[in-house]
Amino acid sequence: MILVEGLHFTSLIHVGNSETSQSNSTVSTNVPAWFILLSGPGTLVKQTQDIASEIVGHELSLLCSDYASPSSGALTLTPCDPMRSMLSYRFDSEIVYSNSMSSASGTVSQVAFQPHLLSGEEIQFKCDSVIFGESKEAGNLFITNFCIILFYKNGDHTEIPLTAVSALMVKGNGILICTKDIRSIEITVRDLSHHRDIISILTGKHPVIKSLSWCYPSSPRMCFAFYSTECIDGHLWNIYSVSAEFARLGFCPFEWRICTLNSSYSLCSTYPKQFIVPSGINDDELKKVAAFRSKARIPVVCWINSVTGATLSRSAQPIIGLFSKKCNEDQKLLHELLQLNYIFQQSGGDHKLHVMDARANIAAAANSLSGKGGTEGADSYPFCSFTFLGIGNIHALRDSFYKLCNLCVTSTHSALQTPNWLAALHQTQWLHHVHKVLSSAVLIADHVRKGKSVLTHCSDGWDRTAQLVSLAQIMLDPYFRTLRGFCILIEKEWICAGHKFMDRTAFGKELPIGGETSKDYHEFSPVFHLFLDCVWQITQQFPTAFEFNGSLLILLSDSAYSCRFGNFLFNNDKDRQEAAASRPGPHSLPSIWAHVTAHGQDYTNGQYQRPHPHSTTPLVLLPSASPLVLHLWPDYYLRWHNDVGGFLRLPSHRLSPTSQSPVYSTD
């Protein structure tokens, strides 16, 4: 790497084996000539010429321009493929691009441009003369330790984070790249040696170019987040504070307490270090409850209405088993949740604790027969009422998502306008899953709004349970509709509460193209993405009630796959915290919350109206979950279509600090 300070790069012109006219005779230039246009002091230009010529092996002509470059930039010069040498000039801008132009000594045949790199990102491989898709448009391909970058000759570019690649298929000298964010990009590589290099690099099998961060890393510690040197505010790594929420929500310290029994993750490895439980149950009793609940995920309180005392709690299923096991301590804990409801106290005991089981009744019964779980029974919990919500499991959701991906990837713009496409969309059943989750969350929120305490669980309490309690809190609490509040909610109910991001995003796994054999990786399921889709549906019904916009939702979904940030790595907070603490050097794992804070203007909804006594926006939102008002999220699913979503939009993880407008917008 050579740094040249004081020079402004203008453009690079490559004249390759062209014929030029000299004294009425035609002369063929056998060696490609490179002209670098720079503006700056003549001494620096001459110095750069000498250095470049020495490295490249033949003379370079460096021309000092009469005008200042509109934006300085970073240039990588590769003189010719056999030499494999590289000369780099690094400046400040994101992309340097020079349109084709003519020269007195020939015709310009090459364009030079260099991507803006994230802190810690390095270019591992570059390939010129790549052909993109059916358009047959030529361009350049870069592979960094974070992503694949495709440059088009018109100046546009697109990026594919390495860990977002779901499958690679070789077709002759072409490569089909399928991604987890619903893209299918075909490239043709003219040079067969480059073609082999690209495949071997992306699969981590290249004999020379080795990196810990390719498409299918075997460990989260091998992905880009661990090599990023991005400077972040360490206070934004854990933005959720149990004690802060305890105070904000107005928990009475005589009735509720912050339990620290799990401070070393010895009680439950997938729960946070601290959580809120009734004061009337002690730690020894909680240990017995943990032994009775699947994965030791005991009932904990997520939210409270300080006026009515109505609470929203979450847990995993009880291990009832075939012989209907009982646990007195578990019964006591649930009864405490009911007794601390002020309306229950005033009603003389007429109210009940409402247990909302996300599964179908038959699924809960099957778990009971297998001895792995079950549900609370009326005999052991006479003070509870039970509702089975019938939400599909991760396997049904995955199969639906595969169908939706295939539909969106293979559809042309004309096909999107036909009734047949709508019928095909219906057959994917995706909006049915949206409807079931959203309608169930509305039911839960309405119960709590009316002063009824609710306990929600599914099987293990880290998929459908996370969806339901998060959506219900968004409906109940305006704070979680602010930009910071929404980030805290995700930290609280998804990251700290043990959603298995690594498994659900198929980290390090190659997924089958088309999903025909989805059983090959049965843990993959877009649970978190479905939650974000439901949030988007609510924002469409209440466009002024949310401080954040659709750009944030897309950023969150993409970041779960990209592995740029440490927040979505690993399956639980225990492993995540240990990895962050053990990372060498002065930098912690990069936090998506620091990124959102730094670029808050890009994720802010300009129509937002903060609730106040005279506001037209209600404090509690109860959106319609009717299929008549639910529709496909086009800014996400159709964003790669040229005529619909804009195929070449810059991904949000490439935003510069001076960006003034959101990359994606639903406003």
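Residues numbered from 1 in each chain as written. Predicted model: local features only at pLDDT ≥ 70, side-chain atom pairs only at ≥ 80, totals over all residues. Heavy atoms only, no water.

A. Layout of the sheet that holds strand β14 (residues 165-171). Strand order in this open sheet of 7 strands is β13-β12-β11-β10-β16-β15-β14, and the pairing throughout is antiparallel. The open sheet is flanked by β13 (157-161) and β14, the only strands paired with a single partner. In this sheet, neighbouring strand axes are inclined to one another by 30° on average, regardless of whether the strands run parallel or antiparallel. In terms of strand pairing, β14 meets strand β15 (residues 174-179) through 6 bridges, oriented antiparallel. Its bridge partner being in β15, Ala-167 is matched across the sheet by Cys-178. Taken strand by strand, helix α2 (residues 192-202) contacts β10 (123-132), β11 (137-144), β12 (147-152), β14, β15 and β16 (184-189), and its axis lies near 130° from that of β10. (Pairing = 2+ DSSP bridges. Helix = DSSP H or I, 4+ residues; strand = E, 2+ residues; numbered from the N terminus. Axes fitted to C-alpha atoms, helices over the stretch in contact; angles between N-to-C directions. Contact = heavy atoms within 4.5 Å.)

B. Representation of the packing of aromatic side chains within the structure. Applying the stated criterion to the full structure yields 26 aromatic pairs. What links up through ring pairs into an aromatic cluster is the set Phe-401, Tyr-402, Trp-430, Phe-524, Trp-536, Trp-633, Tyr-636 and Tyr-637. Note that Arg-183 overlies the ring of Trp-640, its terminal NZ or CZ placed 4.0 Å from the centroid. In this structure, Arg-248 packs its charged tip against the face of Phe-480, placed 5.1 Å from the ring centre. (Phe/Tyr/Trp six-rings, centres within 6.5 Å; stacked < 30°, edge-to-face > 60°. Lys NZ or Arg CZ within 6 Å of the ring centre and 35° of its normal.)

C. Broad picture of helix α17 (residues 573-582). Turning to α17, its buried residues are Asp-573, Arg-576, Gln-577, Ala-579 and Ala-580. The buried side chains of α17 occupy one side of the element, clustering within an arc of 165° when seen end-on. In this fold, the buried residues of α17 make contact with α13 (483-495) and α14 (501-504). The N-cap of α17, judged by a side-chain oxygen 3.2 Å from the amide nitrogen of Lys-574 a few residues on, is Asn-572. (Buried < 20%, exposed > 50% of the residue type's maximum accessible area, 1.4 Å probe, protein only. Arc of directions from axis to C-beta. Polar contact = N/O pair within 3.5 Å; in protein donor to acceptor, adjacent residues only side chain to side chain.)

D. How the structure looks around the environment of Gly-155. As for its placement among the helices and strands, Gly-155 is situated in the loop between β12 and β13. Judged by relative accessible area, Gly-155 falls into the partly exposed class, the value being 25%. Residues Gly-155 and Gly-139 lie 16 residues apart in sequence; the distance between their C-alpha atoms is 9.4 Å.

E. Fine view of the pattern of salt bridges. Taken as a whole and judged by the stated rule, the model has 24 salt bridges. Asp-463 is the partner of Arg-504 in a salt bridge, and the nearest nitrogen-oxygen pair spans 2.8 Å. Placement of the pair is Arg-504 in helix α14 and Asp-463 in the loop between β23 (454-457) and α12 (464-476), with a sequence separation of 41 residues. Residue class for Arg-504 comes out buried when judged on its relative accessible area of 4%. Here Asp-463 falls in the buried class, since its relative accessible area comes to 7%. (Salt bridge = Lys/Arg side-chain N within 4 Å of Asp/Glu carboxyl O.)

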